[in-house]
Amino acid sequence: MKTRFLIGLLPVFFVFLSAWGQEKPLFRTQEMQLPEAGSGVAGGSGAEEWDIDALLDTADAILDAPEEEGSPVGNAEAPVKRESLLDIQKRMFYLLARLGKSRTARPLGTKVLRERPSDKETLLVFCSMELERKNAAGVRRYARRFLEFYPDDDQGWYFIAAAESVQGHYAEAQGILEKMRATLFPDKEFPYKVDLASTARMAGDWRTALSTYKDLLGRKDVSPKLRAEARRVLDEIYREQLPRISVSTQWQNLLTTGEILRSEAEWESPLTNRMRLRVNLQRNDLQQKANGAARSVHEEYQQGTVGVDALVLRSWLLRASAGMSDAGALGAVELRRKLSPTRSWFVGASYNQVAQDSLALEILDGRQSRAYAGWDLTLDDEMDWRFSALGYVRTATVGGAQLGTGGGGEWQIERVVMRDPVSIRVAYVGQISVFNTTATDPALVSPLFNPGAMPAQEEGALADEGVVAGSPETLISPYINYQGITVSARRDILPRWTIEVVGVGGYYIDTSQPSYGGYFRNYFRPRKSVEFQTNLGYLSSGVQSNTGSQVFELSLALQILF
């Protein structure tokens, strides 16, 4: 959320030129924003426009000026008064830091601190500048220096907590903020509630985050923008953490090969503040159409798993599950390290999971085991650019017999083009995979054909899309290279009704074939605790195989929170 430490709200920058020298409380507020270079330093309409070049020239003159008070610096047109050199340095330091010229501002602030080591405002500006750079060591250094002179000032402790947050030590940051509330604000309103709620959520203490956001909404002096943001985050916490039941069904019509019907039910509930339990049940019905030598085949399979999501150590999330299916035991484990609110890496492995490369493979009880690693990060402070990548290796089986091994990679770069009133996102998606089929026995694929009607195993022989021509080699494509673009637009039509339109277009370089499609999604919430979802879509190639088929898809889902 935008109110986290990394968007640090620079607590001293509300002091305007006309007010410098006054001793005022410097608490941060959620509405404070650093003005853009060239804007009026006091902000708002009618503020005087400063000449940035003139300010920089004045700063250079100050740095070159003799170290004695009263020295005249700059010309009469410069936006400073002829006061003591130290006060001029201090004012210029504030102004340049406020305009984002930290490199020029820093030597001015250093001169001030050399003469006035305990200057409160200058130390706080240095803390803010280091926080803007996400330099935890620098924030901590100036904050500790500040606390040497002002040990009971909450702003110094706030920056200590901010330094911990920058390093991803969210539990430590939460502890500092809670101690501040208990010792410095025992009978007063705590001005850092948003920071406490945000760090508690990042630390996995969702109950503290939930209660703190509720307290924040109970205040009458909260701005409409902050109130709306707090409600949004509260809704996210409800959806992520409260006990819930979800049921869904998905029907896919592969036009030339068959049909798939998937049904799923899942129950989730928190066990502790840092652990959730999941129980998942699935049923899949598969139907291959009769087509030439291929016969009509119906298969079904079920599976059930029990899993836990646990926050361990500082910022490590462990997801693990185990269960049984018609093909025996299966399991999965993933470990994710959250480096910051916008960056994380993960590693994981799965065993005996369903392989859904093609309908034929799934009918033949195709299974795969994988090991993978990946990275998620936001590329800018506004969180408009996001990047994710994943690489994997795998081995696949058919009916318990070894089919082959392979690997690949997937990546995505997403750009948030617009947030309000319509959320528009554009993403570039890439996928490359290779697979080496080692199985050669035609008996592996014989259940797909009429008795005695298997076609001759001629090189490259395929009866139709998705139908294996007597060879295991066509169950999984040996090479896939897909590059595409996805565009989505999402809007709230009514407070409880949201629609989303998704367009997909791309190109399979390996087969020189275009791919295209789209989805229309509908979300309806008659109550905050109940959500209905519908999804209608079409893809020209709907499975990860170049023996795939055009797909029409319809899915329905219901989620209930408790």
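Residues numbered from 1 in each chain as written. Predicted model: local features only at pLDDT ≥ 70, side-chain atom pairs only at ≥ 80, totals over all residues. Heavy atoms only, no water.

Student: Is there a simple way to explain the nonpolar core in this structure?
Tutor: Inside soluble globular proteins, nonpolar side chains tend to come together where they are buried. Among the nonpolar cores identified, the biggest contains 37 residues, and Phe 93, Met 129, Leu 131, Phe 159, Leu 177, Met 180 and Phe 190 are the most heavily contacted of them. One finds Ala 355, Val 445, Phe 449 and Val 551 within the second-largest nonpolar core, a separate group that totals 24 residues. (Core = buried A, V, L, I, M, F, W, Y, C linked by side-chain atoms within 4.5 Å. Buried < 20%, exposed > 50% of the residue type's maximum accessible area, 1.4 Å probe, protein only.)

Student: Teacher, can you tell me more about the packing of helix 6 (residues 154-166) against helix 7 (residues 170-184) here?
Tutor: When two helices pack together, their arrangement is captured by the angle between the axes and the distance separating the axes. The N-to-C vectors of helix 6 and helix 7 enclose an angle of 165 degrees; their axes lie 7 Å apart at closest approach. Taken together, helix 6 and helix 7 sit at an angle that is classed as roughly antiparallel. Viewed along their axes, helix 6 and helix 7 form a crossing whose handedness is left-handed. Contacts between helix 6 and helix 7 involve Asp 154, Trp 157, Tyr 158, Ile 160, Ala 161, Glu 164 and Ser 165 from the first element and Tyr 170, Glu 172, Ala 173, Ile 176, Leu 177, Met 180 and Leu 184 from the second. In terms of residue class, the contact of helix 6 with helix 7 is built from 10 nonpolar, 1 polar and 3 charged. (Axes fitted to C-alpha atoms, helices over the stretch in contact; angles between N-to-C directions. Helix = DSSP H or I, 4+ residues; strand = E, 2+ residues; numbered from the N terminus. Parallel < 35°, antiparallel > 145°, perpendicular 65-115°, else oblique. Left-handed = near helix turned anticlockwise from the far one by under 90°. Contact = heavy atoms within 4.5 Å. Nonpolar A, V, L, I, M, F, W, Y, C, P; charged D, E, K, R; others polar.)

Student: Help me out: how do you make sense of the side chain of Arg 201 in this one?
Tutor: Here Arg 201 lies in helix 8 (residues 193-202). Separated by 3.0 Å, the side chains of Arg 201 and Glu 240 make a polar contact. (Polar contact = N/O pair within 3.5 Å; in protein donor to acceptor, adjacent residues only side chain to side chain.)

Student: What is the right way to read the pattern of salt bridges from this model?
Tutor: Taken as a whole and judged by the stated rule, the model has 28 salt bridges. The partner of Glu 268 in a salt bridge is Arg 276, and the shortest N-O contact between them spans 3.2 Å. The exposure class assigned to Glu 268 is buried, which follows from its relative accessible area of 7%. Of the residues examined, Arg 276 reaches a relative accessible area of 6% and is grouped as buried. Across the pair Arg 521 and Glu 500 runs a salt bridge whose closest N-O atoms are separated by 4.0 Å. Here Arg 521 is found in strand 14 (residues 513-527), whereas its partner Glu 500 is found in strand 13 (residues 497-508), with 21 residues between them in sequence. (Salt bridge = Lys/Arg side-chain N within 4 Å of Asp/Glu carboxyl O.)

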